[in-house]
Amino acid sequence: MSHQDAPEQHGLGTLEPGTRQRAQLPTRVADIAWSALAVLVTLWAVWASVGAVRGTTAWGYCAAAWVLLAVALTMRVLAVRRRAGV
């Protein structure tokens, strides 16, 4: 088979029911969602910390942001461990 005759593979491939890519899709979407949540809460925690130090934000917002970040990261680690079977 020459290079020109080989079928082209793009990204995830086919997402038809019953394919391996389709079975992995919920896990990938969950990974993306958890990552996005962690990034947003991290940015909020840093922003609230800087604001609290400058005196423009209450310390309560800062503490809430760090607690939510700890909870989100803990849940993320637990989800990964459950999926890996550790």
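Residues numbered from 1 in each chain as written. Predicted model: local features only at pLDDT ≥ 70, side-chain atom pairs only at ≥ 80, totals over all residues. Heavy atoms only, no water.

**A word on the packing of helix α1 (residues 20-54) against helix α2 (residues 59-84)**
Following both chains from N to C, one finds α1 and α2 inclined at 155 degrees, their axes separated by 8 Å at the closest point. Classified by the angle between their axes, α1 and α2 sit roughly antiparallel to one another. Viewed along their axes, α1 and α2 form a crossing whose handedness is left-handed. A class-by-class count of the residues in the contact of α1 with α2 yields 21 nonpolar, 3 polar and 3 charged. (Axes fitted to C-alpha atoms, helices over the stretch in contact; angles between N-to-C directions. Helix = DSSP H or I, 4+ residues; strand = E, 2+ residues; numbered from the N terminus. Parallel < 35°, antiparallel > 145°, perpendicular 65-115°, else oblique. Left-handed = near helix turned anticlockwise from the far one by under 90°. Nonpolar A, V, L, I, M, F, W, Y, C, P; charged D, E, K, R; others polar.)

**Quick word on the pattern of salt bridges**
In total, this model carries 1 salt bridge according to the counting rule given. Of the charged contacts in the structure, one is a salt bridge between Arg76 and Asp31, with a shortest N-O distance of 3.0 Å. With Arg76 in helix α2 and Asp31 in helix α1, this pair connects stretches of sequence that are 45 residues apart. (Salt bridge = Lys/Arg side-chain N within 4 Å of Asp/Glu carboxyl O.)

**Overview of a nonpolar patch on the surface**
On the surface, a cluster of nonpolar side chains totalling about 320 Å² of accessible area is made up of Val67, Val71, Met75 and Leu78. Assignment of secondary structure puts Val71 in helix α2. A relative accessible area of 46% means that Val71 is categorised as partly exposed. (Patch = residues over 30% accessible without salt bridge, like charges linked within 9 Å, V, L, I, M, F, W, Y side chains within 5 Å. Areas by Shrake-Rupley, 256 points an atom, 1.4 Å probe, with all protein chains shown as cover. Buried < 20%, exposed > 50% of the residue type's maximum accessible area, 1.4 Å probe, protein only.)

**Regarding the environment of Trp59**
Considering the arrangement of structural elements, one finds Trp59 in helix α2. Its relative accessible area of 57% is what places Trp59 among the exposed residues. Each C-alpha atom of the pair Trp59 and Ser49 lies 7.7 Å from the other, and the pair is 10 residues apart in sequence. When near neighbours in sequence (up to four residues on either side) are disregarded, Trp59 contacts Ala52 and Val53. (Contact = heavy atoms within 4.5 Å.)

**Examining α1**
Between its first and last C-alpha atoms α1 spans 51 Å; for 35 residues at 1.5 Å apiece the expected length is 51 Å, and the two agree. Pro26 marks the point of greatest bend in α1, at about 35 degrees. For α1, the full list of buried residues reads Ala38, Val41, Ala45, Ala48, Ser49, Gly51 and Ala52. Once α1 finishes, Gly55 follows within two positions and takes phi at roughly 90 degrees, a positive value. (Expected span 1.5 Å × (residues − 1). Bend = angle between axes of the 7 residues up to and from the residue.)

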